[in-house]
Amino acid sequence: MTKVTMKVNGRKVGADVPDQTLLSEFLRENLRLTGTHVGCDTSQCGACAVHVNGKVVKACTALAVSLEGAEVTTIEGVANGELHPMQVAFNDNHGLQCGFCTPGMIMAGIDMVNRYREEGRELDAAAIRHELEGNICRCTGYHNIVKSIQDAAAKM
Amino acid sequence: MEMSGEHRIAAPRDTVWAALNDPDVLRACIPGCESLEKTSDTTMEAVVRQKIGPVKARFNGAVELLNIDAPKSYTIQGEGKGGVAGFAKGSADVRLAEDAGETVLTYTAQAQIGGKLAQLGNRLVGSTARKLAQQFFVNFHNHLTDEDPPEA
Amino acid sequence: MTSGIGQNVKRKEDKRFITGKGRYTDDHRNDNQAYAAFVRSPHAHAKVLGIDAEEARGMEGVIDVLDGHQLTGDGIGNLICGWAITSKDGSPMNMGAWSALATDTVRYVGDAVAVVIAETNAQARIAAEAVMVDYEELPVVVHAIDALKDGAPQIHDNAPGNLIYDWELGDEAATDAGLAEAAHVTTLDLTNNRLSPNPMEPRSAVATYDHAEDHYTLYTTSQNPHVARLVLSAFYNVAPEHKLRVIAPDVGGGFGAKIYIYPEEITCLWASMKTNRSVKWTSERGEAFLTDMHGRDHVTHAKMGFDKDGRITGFKIDTIANLGAYMSLFSSSVPTYLYAPLMSGQYDIQNIHCNVRAVYTNTVPVDAYRGAGRPEATYLVERMMETAAREMGMDPAELRRRNFVQEFPHQTPVLMQYDAGDFPKILELAQEAADVAGFEERRREAESRGKLRGIGYSTFIEACGLAPSKAAGSLGAGVGLWESAEVRVNPAGTIEILTGSHSHGQGHETTFAQIVAERFGVPVDSVQIVHGDTDKVQFGMGTYGSRSGPVGMSAVVKAMDKVEEKVRQIAAHTLEASEDDIEISGGQVKVKGTDKAMAWHEVGLAAYVAHNLPDGMEPGLKETAFFDPVNFSFPSGAFICEVEVDPDTGQTQVVRFTSADDFGVIVNPMIVEGQVHGGVTQGIGQALLEQVVYDEQGQLLTGSYMDYTMPRAADVPFFDVQHHETPSPNNPLGVKGCGEAGAIGAPPAVINAITDAIGTNDLAMPATPQAVWRALRAAQKPMAAE
């Protein structure tokens, strides 16, 4: 067991966890932030994507104890009172069906819009599809996910 | 999965043969071998810890020597159970030929894996097995000659 | 009205999903939660000689280790297949015993033999590794064709030669005669590749036994919680129905894989009673590949004959279906009654004969996966049409057109009576939208970039809306396939709809509310959809087979009819008017042609305060209805796919995909189009990427997303979805269902496009770059030899 503290969704949290505890487990089981989903065990599906120190990270690839002092934002923390434009865009464009991959898609979408903007690159549909390599959706055929991210990019 | 190889060992054939039948030598040379005990003249029990791709397992194995034609050839056959990780089994036909006071060892081996090992590690089994075989013969050569093997 | 039928109403359920507040099964955790980990066979076929759990029992956190002998000893019944198929010789199908935990024999890699219950998930999994099982390996058979060979390993004693049934549909002599008189016969040998459904939410179960009440509660990832309860109760003897509550909360996709009642749910329920703890199990993805029912896996030889004008004279099909190691819940129906009756496609074919042999192999059981039988039939029919057109030198669209059914109702020789459709119209719609006229120019342009461009069609029909109970029963189904609904109008006028349909992505909370809004003129937000809980909804058959629209919504309409009847009576009584003069619109219940009206909520209140009801009327405003359709519904579609193939690498890109669908009346086009996008993508996945692979020892080689290729965003284009509505005459809304169309119609369109591009018909699914490259090289051989 190792004591780990981090800031999750703006709140300071800490717990004694077994060393092998993944960030995804820490969020789901210790903090009960169950919006971060686990859809595979080989870090391919992206349902567990969160932001760590401002960058998108698959929470199943990081050990909780390796993130001492980190700032983590999960799907529960992106809204700040009213919905984030990316969340609104997913609703407006029917970018979700079963909703299981959605938190990861939204976290990946916010990250890619921010990143492309910082780098001064154009985030067109082809770039969005390429950027979604690490996020699998089985319901939507990606059509409306790509549209959602395009829509949000224009409004963020 | 099948593989084969040839190794030249700077030791007489009788010495090599004896080493191939010596549990202490095998224990020292098999990568990841934690224990290896003789249970009869031709059978042994072994515990080997190995990692194939993302799967790490401790195998409890039984090893049997068949088709013994001392000091020229035998078939070594084994099966290891790794619990939830699955299993690995295989056999190797090993031949020893004399050549100028040294020994040329040739083998053809086939191996099979199952369970989680196959599910996740299948693509890596070939390369892992070759690496382990290479490691074994390096160890084996060093053990018998106290020096590194000549470059192949 | 902006929220009624035909409107793009944004989904009500989205808010919880986009904010991370969805409540899926694994999100539920009880105070006394314990965790289950299963000990699974690493062998595809073996005798279980013994289980040594002593070390595991002594490990930290372990509460108990339970095995199959204890399970069967407690009277837990074997898993069953609920659809009885009769072989053509009159003999019943050969169903082998399947225990939730294997007792003496394991028959596929992943077959569970024991379960460890521990304080934490990690402790359970670590202890499961310490359970030592002594196996004696048996010979293995993986492929269906091999399983039928003499001397093949025998998987179940009561299925000699591994044959489950040898079944036929249609008139063989007439079909042979039709083929004999044909001017041209096209022959095809096709494999329909084995797939893993892969809903993104892995299966999960949280089972809790309450000793004081002798009552069980199961949270589970189910498409049909009532069927789960029925089967758990009636066949698996877990508990009588009134002592078992099954809740399917938010469910992250199903696609068929979550229809069935699996060994894990049964075991968790039983284990919660044995250990007096709430027991949770959540599948890892690797476990899902090993245990979620697979789909497809057919090998087929077929012949289609044509007269000199290209009219079909006969169609003869011989299929071998791999059902895996055990017969799953609806497995038997998939390659029979969900397959052969679709062989007429959109075409007027007088002579069809389909023979199906279903066999056991040492693989994961195979059952319904999105489309279930209909994709397999459609792939065969539509590859046949395209191949025949090429062989006869005809335009593939023209060959189809010549054979289209033109008049309805149309009786096929394989059971189905098509009720409505306009096949030439949807083909025309698709051709226009896809700019087929401009294709040759696009082909030339692609050629200038070194790419081979091809175009492929698929014009298909589905039998959806499962199903008339009487018909299903006569064909062997063990259940009725109606749906139920309850409409509760509350005293303040808000409405709750309780439905036996289950939404796991389909958007029922919105679309079901839309049909209520349309009918009663109330805002969508004042309608709440309640589903997925056997304690709340009386009964239901669940969601699969594109049945929520045609069957589930129809039940709601029937219940609304009854509510409306009572509303009219109350309003007529209160407003002193004739019932016939009452109309309901815009939230008002009015007397036609007058200004006399009650607000909708005033009627609700009147029903519950009951101060002034017509004599003899019961208080309250709540009605229940069951809807049993008189026929299947028959959605149809025309898909046109364009691909570009890189001849150097074999890499195929779907560059254009157009669908023109006839789903009957559409309640919410946005949601319907989403269903098409997802279905088509699964179809593209089957055509290009997905394949479950076993080695000869029955080891699963595609056991993770590293090896099983799921369609990613860059694998698919934007889709052009067109609609044409011919209402179904067999349900009150005229809807046909839309969930499966994409998965049914897309694979042949994609393969027809690739084979058009590379100039050879000899290509199997999945058309991986390697497969396409090889086919291309094989077709070019004469040139290469120069």
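Conventions adopted
- Residues numbered from 1 in each chain as written.
- Chains lettered and ligands numbered in written order.
- Predicted model: local features only at pLDDT ≥ 70, side-chain atom pairs only at ≥ 80, totals over all residues.
- Heavy atoms only, no water.
- Helix = DSSP H or I, 4+ residues; strand = E, 2+ residues; numbered from the N terminus.
- Rg over C-alpha atoms; globule rule 2.2 N^0.38 Å.
- Contact = heavy atoms within 4.5 Å.
- Areas by Shrake-Rupley, 256 points an atom, 1.4 Å probe, with all protein chains shown as cover.
- Lys, Arg positive; Asp, Glu negative; His and termini not counted.
- Charge placed at Lys NZ, Arg CZ, Asp CG, Glu CD.
- Polar contact = N/O pair within 3.5 Å; in protein donor to acceptor, adjacent residues only side chain to side chain.
- UniProt positions renumbered as here; feature names shortened; annotations may be inferred.
- Pairing = 2+ DSSP bridges.
- Salt bridge = Lys/Arg side-chain N within 4 Å of Asp/Glu carboxyl O.
- Buried < 20%, exposed > 50% of the residue type's maximum accessible area, 1.4 Å probe, protein only.
- Core = buried A, V, L, I, M, F, W, Y, C linked by side-chain atoms within 4.5 Å.
- Disulfide = S-S within 2.5 Å.
- Phe/Tyr/Trp six-rings, centres within 6.5 Å; stacked < 30°, edge-to-face > 60°.
- Lys NZ or Arg CZ within 6 Å of the ring centre and 35° of its normal.
- Domains from an automatic or database assignment.

This next bit is on the overall build of chain C. Tallying secondary structure elements over chain C gives 21 helices and 28 strands in all. The C-alpha radius of gyration of chain C comes to 27 Å, within 12% of the 28 Å expected for a compact globule of 786 residues. Each of the three principal axes of chain C carries a C-alpha extent, and together these read 95 × 75 × 55 Å. Considering only residue pairs separated by 6 or more positions, chain C has 80% of its internal contacts joining residues 24 or more positions apart. Of the roughly 25700 Å² of accessible surface on chain C, 48% is carried by carbon and sulfur atoms. Looking at chain C, you have 64 positive and 104 negative side-chain charges, and the mean spots of the two groups are 3 Å apart.

We now examine the side chain of Arg442 of chain C. Examined against the element boundaries, Arg442 of chain C turns out to sit in helix H13 (residues 439-448). Reaching out from Arg442 of chain C, the side chain makes a polar contact with the backbone oxygen of Asp435 of chain C at a distance of 2.8 Å.

All right, on to unusual backbone geometry then. In this structure, Pro71 of chain B follows Ala70 of chain B across a cis peptide bond, with omega equal to -5°. Examined against the element boundaries, Pro71 of chain B turns out to sit in the loop between strand E4 (55-69) and strand E5 (73-81). In this model, Phe408 of chain C is joined to Pro409 of chain C through a cis peptide bond whose omega is 0°. Its place among the elements puts Pro409 of chain C in the loop between helix H11 (396-403) and strand E16 (410-411). The backbone phi angle of Ala372 of chain C is positive, close to 45°, even though this residue is not glycine.

When the UniProt feature table is mapped onto this chain, "domain: Aldehyde oxidase/xanthine dehydrogenase a/b hammerhead" (unreviewed entry) is found at residues 19-139 of chain C. The span residues 19-139 of chain C shows a helical share of 17% and a strand share of 30%, and its end C-alpha atoms are spaced 51 Å apart.

Before going further, it helps to examine the pairing of strand E1 (residues 2-8) of chain A. All names here are of chain A. Relative to strand E2 (residues 11-17), E1 runs antiparallel, the two sharing seven bridges. Paired with Met6 across the strands is Val13, a residue of E2. Following E1, the chain reverses through two residues before pairing antiparallel with E2; Asn9 in that reversal takes a positive phi of roughly 55°. Here E1 runs beside strand E5 (residues 71-73); their pairing, made up of two bridges, is parallel. Bridge pairing in E5 links Val8 to Val72.

The subject of this paragraph is the pattern of salt bridges. Opposite charge on two side chains allows them to pair when their charged atoms are near. Scanning the entire structure with this criterion turns up 64 salt bridges over all chains. Two residues, Asp151 of chain A and Lys155 of chain A, come together in a salt bridge whose shortest N-O distance is 3.0 Å. Remark: Lys155 of chain A and Asp151 of chain A occur in helix H5 (residues 143-155); sequence separation between them is four residues, near one turn of the helix. A relative accessible area of 18% places Asp151 of chain A in the buried class. Exposure remark for Lys155 of chain A: the relative accessible area of 54% places this residue in the exposed category. The shortest N-O distance in the salt bridge between Arg401 of chain C and Glu398 of chain C comes to 3.4 Å. You can see Arg401 of chain C and its partner Glu398 of chain C sitting in helix H11, three residues apart, about one turn around the helix. We classify Arg401 of chain C as partly exposed; its relative accessible area is 29%.

Let us look at the pairing of strand E22 (residues 582-585) of chain C. Successive residues of a regular strand alternate their side chains across the two faces of the sheet. All names here are of chain C. Covered by surrounding structure in E22 are Ile582 and Ile584 only, the residues Glu583 and Ser585 on the alternate face being uncovered. In terms of strand pairing, E22 meets strand E23 (residues 588-591) through four bridges, oriented antiparallel. From the neighbouring strand, Ile582 faces E23, where its bridge partner is Val591. Counted between consecutive antiparallel strands, the loop separating E22 from E23 contains two residues, among which Gly586 sits at a positive phi close to 55°.

What follows concerns the nonpolar core. One finds Ile149 of chain A together with Leu232, Phe315, Met343, Phe657 and Ile754 of chain C to be the most contacted residues of the largest nonpolar core, which totals 220 residues. In terms of residue count, helix H19 (residues 741-758) of chain C provides more of this core than any other element does, ten residues in total. Excluding anything up to four places from it in sequence, Ile754 of chain C contacts Val643, Val645, Thr652, Leu688, Leu763, Ala767 and Val772 of chain C. By size, the runner-up hydrophobic cluster in this structure holds 46 residues, among which are Ile495, Ala517, Ala571 and Ala606 of chain C.

Quick look at the state of the cysteines now. Residue and element names in this part refer to chain A. Across all of its chains, the model carries zero disulfides over all chains by this definition. In this structure Cys40 is a free cysteine whose sulfur lies 4.0 Å from that of Cys45, the closest cysteine sulfur available. Here Cys40 falls in the buried class, since its relative accessible area comes to 6%. Between Cys101, a free cysteine, and Cys137, which holds the nearest cysteine sulfur, the sulfur-to-sulfur gap is 3.8 Å. Judged by relative accessible area, Cys101 falls into the buried class, the value being 8%.

Here we come to the packing of aromatic side chains. Taken as a whole and judged by the stated rule, the model has 26 aromatic pairs over all chains. Between Phe100 of chain A and Tyr24 of chain C the ring centres are 5.2 Å apart and the planes differ by 90°, which places this aromatic pair in the edge-to-face class. In this pair, Phe100 of chain A sits in the loop between helix H2 (85-92) and helix H3 (102-119) while Tyr24 of chain C sits in the loop between helix H1 (14-18) and strand E1 (33-40), so the two residues belong to two different chains. Each ring, one from Tyr108 of chain C and one from Tyr326 of chain C, has its centre 6.1 Å from the other, and the planes form 75°; the classification is edge-to-face. One end of the pair, Tyr108 of chain C, is in the loop between strand E4 (105-106) and strand E5 (112-118); the other, Tyr326 of chain C, is in the loop between strand E14 (312-322) and strand E15 (352-359), and 218 residues separate them in sequence. An aromatic cluster is defined as three or more aromatic residues linked by ring pairs; in this entry it consists of Tyr107, Phe136, Phe137 and Phe140 of chain B. Over the ring of Tyr116 of chain A we find Arg121 of chain A, and its NZ or CZ is 4.2 Å from the ring centre. When the ring centre of Tyr262 of chain C is taken as origin, the NZ or CZ atom of Arg203 of chain C, which lies over that ring, is 3.4 Å away.

Further remarks concern the domain arrangement of chain C. All names here are of chain C. Taken domain by domain, chain C holds domain 1 (15-138 + 201-252 + 258-291), domain 2 (298-466 + 631-784) and domain 3 (482-627). Taken over C-alpha atoms, the centre of domain 1 sits 35 Å from the centre of domain 2. Counting residues at the interface gives 30 residues for domain 1 and 29 residues for domain 2. Linking domain 1 with domain 2 are zero salt bridges, by the criterion used here. Taken together, the links from domain 1 to domain 2 amount to 13 residue pairs in polar contact (both at pLDDT 80 or more). With five residues, helix H9 (residues 285-291) is the single largest residue contributor to the side of domain 1 that touches domain 2.

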